[in-house]
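Spelled out from the first residue to the last, the chains are:
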Amino acid sequence: MARKKKTIKAKEPVKLRSKKLANGNQSLYLDIYHNGKRTYEFLKLYIVPESSPLDRTSNENTMKLAETIKAKRIMDLQYSDHGIVNTSANSKMLLMDWMEQFANKKKENGQSDAYYVQIIKTIRHLKLYKGDRITMKDVTKDYCLGFISYLNATSMAKITTAGYFRCLNCGLNAAVKAEIITENPITKIPSEDRIKVPESNREYLTQEEIVKLVHTPCSHPQVKMAYLFGCMCALRLSDVKALRWGDIQRDGNQWRASILMVKTQRKLWLPLSDEAIRWMPERGTAKETDFIFSLPCDGYLNKLLKDWVKSSGIKKRITFHTSRHTNATLLLSLGVDLYTVSKLLGHTQIKTTQIYAKIVDKKKDDAVNMIPSFSATEAPTDIADEINTGNDEPLQPAKKKRGGPKKAQS
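How each quantity is defined
Residues numbered from 1 in each chain as written. Predicted model: local features only at pLDDT ≥ 70, side-chain atom pairs only at ≥ 80, totals over all residues. Heavy atoms only, no water. Helix = DSSP H or I, 4+ residues; strand = E, 2+ residues; numbered from the N terminus. Buried < 20%, exposed > 50% of the residue type's maximum accessible area, 1.4 Å probe, protein only. Areas by Shrake-Rupley, 256 points an atom, 1.4 Å probe, with all protein chains shown as cover. Axes fitted to C-alpha atoms, helices over the stretch in contact; angles between N-to-C directions. Left-handed = near helix turned anticlockwise from the far one by under 90°. Contact = heavy atoms within 4.5 Å. Nonpolar A, V, L, I, M, F, W, Y, C, P; charged D, E, K, R; others polar. Salt bridge = Lys/Arg side-chain N within 4 Å of Asp/Glu carboxyl O. Pairing = 2+ DSSP bridges. Expected span 1.5 Å × (residues − 1). Parallel < 35°, antiparallel > 145°, perpendicular 65-115°, else oblique. Patch = residues over 30% accessible without salt bridge, like charges linked within 9 Å, V, L, I, M, F, W, Y side chains within 5 Å. Lys, Arg positive; Asp, Glu negative; His and termini not counted. Charge placed at Lys NZ, Arg CZ, Asp CG, Glu CD. Core = buried A, V, L, I, M, F, W, Y, C linked by side-chain atoms within 4.5 Å.

Digging into the overall build of the protein chain
Tallying secondary structure elements over the protein chain gives 14 helices and six strands in all. Burial statistics for the protein chain: of 410 residues in total, 34% are counted as buried. Summed over all atoms, the accessible surface of the protein chain reaches about 27200 Å², with 52% contributed by carbon and sulfur.

As for the packing of helix α7 (residues 221-233) against helix α11 (residues 322-333)
Relative to each other, α7 and α11 sit at 35 degrees, their axes nearing to 6 Å. When the axes of α7 and α11 are compared, the crossing they make is right-handed. For the pair formed by α7 and α11, the contact residues are Y227, G230, C231, M232 and C233 on the first element and T322, S323, T326 and N327 on the second. Taken together, the residues of the contact of α7 with α11 sort by class into four nonpolar, five polar and no charged.

Some remarks on the pattern of salt bridges
Taken as a whole and assessed by the stated rule, the structure comprises twelve salt bridges. Between E209 and K316 there is a salt bridge whose closest N-O contact spans 2.9 Å. Of this pair, E209 sits in helix α6 (residues 207-214) while K316 is found in the loop between α10 (298-312) and α11, placing the two residues 107 residues apart along the sequence. The exposure class assigned to E209 is buried, which follows from its relative accessible area of 14%. Its relative accessible area of 24% is what places K316 among the partly exposed residues. Of the charged contacts, one joins E275 and R278 as a salt bridge, the two residues approaching to 2.6 Å between their closest N and O atoms. Of the two residues, E275 and R278 are both situated in helix α9 (residues 274-278); the distance of three residues between them amounts to about one turn of the helix. One network of salt bridges, with partners in common, ties together R17, D31 and R38.

Thoughts on the sheet that holds strand β1 (residues 14-20)
Ordered in space as β1-β2-β3, the three strands form an open sheet in which the pairing is antiparallel. A strand with exactly one partner marks an edge of an open sheet, and here the two such strands are β1 and β3 (37-47). Each neighbouring strand pair of the sheet contributes to a mean axis angle of 30 degrees, computed without reference to strand direction. Bridge analysis of strand β2 (residues 26-34) against β3 gives nine bridges, and the strand direction is antiparallel. In the sheet register, L30 faces β3, and the bridge partner there is E41.

Considerations on α10
Relative to the 21 Å expected for 15 residues at 1.5 Å per residue, α10 spans 21 Å between its end C-alpha atoms, a close match to the ideal helical length. On its buried face, α10 sits against α3 (113-130), α6, α7 and α8 (237-242). Two residues or fewer after α10 comes G313, characterised by a positive phi angle close to 90 degrees.

Here's the deal with unusual backbone geometry
Look at K44: it is not a glycine, yet its phi comes out positive at around 60 degrees. If you trace the backbone, K44 turns up in strand β3. Non-glycine residue E179 carries a positive phi angle of around 60 degrees. Looking at the element boundaries, E179 is found in the loop between α5 (158-177) and α6. Take E179: its relative accessible area is 45%, and that puts it in the partly exposed class.

Description of the packing of α11 against helix α12 (residues 338-345)
Direction vectors running N to C along α11 and α12 enclose 155 degrees, while the axes themselves pass 10 Å from each other. One element, α11, and the other, α12, form an angle in the roughly antiparallel class. The crossing of α11 and α12 is right-handed. Where α11 abuts α12, its residues R324, N327, A328, L331 and L332 lie against L338, V341, L344 and L345. For the contact of α11 with α12, the per-class residue count stands at seven nonpolar, one polar and one charged.

Observations concerning a positive patch on the surface
On the surface, a cluster of positive charge is made up of K212, K306, K310, K315 and R317. Checked against the element boundaries, K310 lands in helix α10. What makes K310 exposed here is its relative accessible area of 68%.

What to know about the pairing of strand β6 (residues 267-272)
Side chains L268, L270 and L272 project from β6 onto a buried face, and the interleaved K267, W269 and P271 project onto a face without burial. Bridge analysis of strand β5 (residues 254-260) against β6 gives six bridges, and the strand direction is antiparallel. Each residue of the ladder has a partner; that of I259, found in β6, is L268.

Side note on the nonpolar core
Core analysis: the biggest nonpolar cluster contains 38 residues, and Y227, F229 and F293 have the highest contact counts within it. The biggest single contributor to this core is α7, with eight residues. Sequence-distant contacts of F229, that is, excluding residues within four places in its chain, are made with L235, V240, L243, L272, A276, W279, M280 and F293. Grouped together as the second largest cluster of nonpolar side chains are 33 residues, W98, I119, A162 and C167 included.

In structure tokens:
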């Protein structure tokens, strides 16, 4: 008699289990084993002791719901194993809800208040453009092109509209990373059809102006120290605020700062000059986890900077970010190569650093053009004759005649 073939049942990565509670109920949870790791997901679903037909029906419905969740978790793992993003559950999410989440996440991560406000303003314009019931599935290439047309039709400055378009683009990129959508539709829009940020005139301080600020008192000493510290190391305000004493370490004769950049989330192991260290406050009894600088909110800080700069006699519009511009132009003016400056600034693309190189090149142009004109006066006759001969030999000084003038013959 032929033996029955054993059917091999595939091992499920997710199992539905229960845990008995003190009140007699059973809490349902998922036991998930995937890629060598075990995790548990408590479903907040409960099986109650059956004392009536109603309890039995309730328990059956609860088990059906738990089995449905289990099946979905298995499907999600299978999608993940094959590199497929399952966005069906998120397709009904509203764009406005996602953008608000995106804004709040940036704020929680220490992004500047100004960027948070810019995202909120972008949401307001998205609502004015097509209303607030747009789902993530509705955000297509045509939707984004329409938003570009809407922004271009407003009377807002180009740099403002470019900022709002950038916020939408960043929000959609974040949605791709969070597996809310499979791709950012803006990537399908040609570069020439997008709103570009106009090349800005980046304000910076010269070496002479830095010296002026050093010798000018500030009503908030730590604001002065933090700004001059930024001029020496090019850290953004968000990174200066996040800097703790434990982040500063001595590496032989070199001081370094270990930084997770707030804006880009890139890790930076930044060398600090002795001049940068001089502008740090005294540590005293501060712990490793204590912040180095104690600074006011961004708006008030920039007002203090404005007053300080004005009292120094400098007639420039200065915000904290100009300290970063100052450091970049200072390094390039001193002959540091573009690649090194790019790494010190933590730029992801060297074309961003090239903006500062253009500033330095403009300074060189201005310097060369300061040479006065020497063609306004007429050249001496003997030099002019020599030039006219086309002789390439260097001009020789005229030889002196010996013995004085000859006597006239009788």
